[in-house]
Amino acid sequence: MSLEERVAQVKANIAAAAREVGRDPSEITLVAATKVQSSDTIRQAIAAGITVCGENRVQEMTAHLDDDAYAGAALHFIGHLQTNKVKQVVGRVDLIESVGSEHLLDAIEAQAAKLDLVQDILLEINIGAEASKSGISPAELPALARKAAACPHVRLRGLMAIPPVAEGPDGNRPFFAKMRQLFVDISREMSDNGIIIDCLSMGMSGDYQDAVREGATLVRVGTALFGPRPPIHKV
Ligand SMILES: *Cc1c(COP(=O)(O)O)cnc(C)c1O
């Protein structure tokens, strides 16, 4: 299958999963996880109908930006972001999906203030409570969401999660369902403050249809679009 056909197929799968649960497919955006892909491949994906690229390595993203590889698409940062690299990301991406600590939120607010702009962000939830993963616990969410809402140079748009590798027969659905509940609760609380929470980012190549069934508005898909990633990366 060509990249064009895979993009069409993933979009069709998203639409089918949405309709199954009575959702409008236009509520869901496919984010192409472009790590390790070349600038040319990224351009091809955009030509094939990708409207949002997600990058998770600052160095690769910077090289692609220098190449103007993302022209015609929005750009999200989806990977682990170290505070010392915030300068290379704030103001250069449309959405930072992976804000998983108060420390990082503070650094983003400070850099956005310096640049005099407002940076859209999602808070990353460590929904499987895994020691190896970044993100806040569900219990920490209300306080950090309130803090983000009070940051003048940050706009909180929603939540993101990378659940554990699926084991049970339902795969990751229980984690996705938990995320949906957190999303509903935080949306309600924030709407009292006039803040619109409209992004729930969850689901990857192996489970994006289930994520859509459970309410995802953004799915981040790499392998199903580009094939298996090579072990060594070249920009
Ligand atoms: C790579 C990556 C994805 C996509 O993973 P696939 O399994 O290849 O679809 C999604 N989210 C994040 C944060 C990633 O780093």
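Throughout this document, residue positions are counted from 1 along each chain, in the order its sequence is written. Only residues with pLDDT of at least 70 are given local features in this predicted model, and only at 80 or more are side-chain atom pairs given and counted; all residues enter the totals for whole chains, interfaces and linings. Side-chain descriptors were evaluated using all non-hydrogen atoms of the structure, hydrogens and water having been removed beforehand.

*Asks:* Could you clarify how one ought to interpret helix H5 (residues 141-150) in this entry?
*Replies:* Each full turn of the α-helix corresponds to 3.6 residues, which orients residues three or four apart in the same direction. Exposure categories follow from relative accessible area, calculated using a 1.4 Å probe and restricted to protein chains: below 20% of the type maximum is buried, above 50% is exposed, and the middle band is partly exposed. A run of DSSP states H or I qualifies as a helix once it reaches four residues; a run of E qualifies as a strand once it reaches two. Both are numbered from the N-terminal end. Considered for burial, the residues of H5 that qualify are Leu141, Leu144, Ala145 and Ala148. Viewed along the axis of H5, the buried residues span an arc of 100°, placing them on a single side of the element. By the convention used here, residues are in contact when the closest approach between their heavy atoms is within 4.5 Å. Tucked into the core, H5 has its buried residues touching helix H4 (102-115), strand E5 (119-125), strand E6 (154-161) and helix H6 (173-191). In this description, one arc is meant: the one made by directions from the helix axis to the C-beta atoms.

*Asks:* I'm lost on the nonpolar core in this one. Help?
*Replies:* The nonpolar side chains of soluble globular proteins are, as a tendency, buried together. To define a nonpolar core, start from buried Ala, Val, Leu, Ile, Met, Phe, Trp, Tyr and Cys residues and group those joined through side-chain atoms within 4.5 Å. Ile96, Ile121, Leu159 and Val219 are the most contacted members of the largest nonpolar core, which totals 64 residues. With residues up to four places along the chain from it excluded, the contact list for Leu159 reads Leu122, Leu123, Ile125, Leu141, Met179, Leu182, Phe183, Ile186, Cys199, Leu200 and Ser201. If you look at the next biggest cluster of nonpolar residues, it comprises seven residues, including Val31, Val52, Cys199 and Leu218.

*Asks:* Just to check I follow, could you spell out the site of the ligand for this structure?
*Replies:* Being near a molecule or strand, for a residue, means having at least one of its heavy atoms within 4 Å of it. With respect to spatial proximity, the complete set of residues near the ligand consists of Ala33, Lys35, Asn56, Ile78, Ile162, Met204, Ser205, Arg220, Val221, Gly222, Thr223 and Arg229. Here a polar contact is recorded for every N or O atom pair within 3.5 Å, except that within protein the pair must consist of a potential hydrogen donor and a potential acceptor, and residues adjacent in sequence are included only if both atoms are side-chain atoms. At 2.9 Å from a nitrogen atom of the ligand is found a side-chain nitrogen or oxygen belonging to Arg220. At 2.5 Å, a side-chain N or O of Thr223 approaches an oxygen atom of the ligand. Residues are grouped as follows: Ala, Val, Leu, Ile, Met, Phe, Trp, Tyr, Cys and Pro are nonpolar; Asp, Glu, Lys and Arg are charged; all remaining types, including Gly, are polar. Broken down by class, the residue content of the shell around the ligand amounts to five nonpolar, four polar and three charged.

*Asks:* Got a minute to help me understand the state of the cysteines in this structure?
*Replies:* Working definition: a disulfide is two cysteine sulfur atoms within 2.5 Å of each other. Counted according to the given criterion, the structure contains zero disulfides. For Cys151, which is in no disulfide, the shortest distance to another cysteine sulfur is to Cys199 and amounts to 18 Å. Here Cys199 stays free of any disulfide, with the sulfur of Cys53 as its closest cysteine sulfur at 16 Å. Given a relative accessible area of 7%, Cys199 falls into the buried group.

*Asks:* Any chance you could explain the packing of H4 against H5 here in plain terms?
*Replies:* Each pair of packed helices gets described by two things: the angle between the helix axes and the distance between those axes. Interaxial distance between H4 and H5 falls to 11 Å at its minimum, and their mutual angle equals 5°. Comparing their axes, H5 and H4 come out roughly parallel. Facing Glu102, Leu105 and Asp106 of H4, the residues of H5 in contact are Leu144, Lys147 and Ala148. Of the residues in the contact of H4 with H5, the class split is three nonpolar, no polar and three charged. In this analysis an axis means a line fitted to C-alpha atoms, helices contributing only their contacting stretch, and an angle means the value between N-to-C directions, from 0 to 180 degrees. Roughly parallel here means an angle under 35 degrees, roughly antiparallel means over 145, roughly perpendicular means 65 to 115, and every remaining angle is called oblique.

*Asks:* Is there a simple way to think about the pattern of salt bridges in this case?
*Replies:* Any two side chains of opposite charge can pair, so long as their charged atoms come close to each other. Take a side-chain nitrogen of Lys or Arg and a carboxyl oxygen of Asp or Glu: if they are within 4 Å of each other, that pair is a salt bridge. Overall, the coordinates contain 14 salt bridges when judged by the stated rule. The residue Lys147 makes a salt bridge to Glu102 at a minimum N-O spacing of 2.9 Å. Taken together, the residues Lys147 in helix H5 and Glu102 in helix H4 connect sequence positions 45 residues apart. For Lys147, a relative accessible area of 27% corresponds to the partly exposed category. The network of salt bridges with shared partners includes Glu20, Arg173, Asp210, Arg213 and Glu214.

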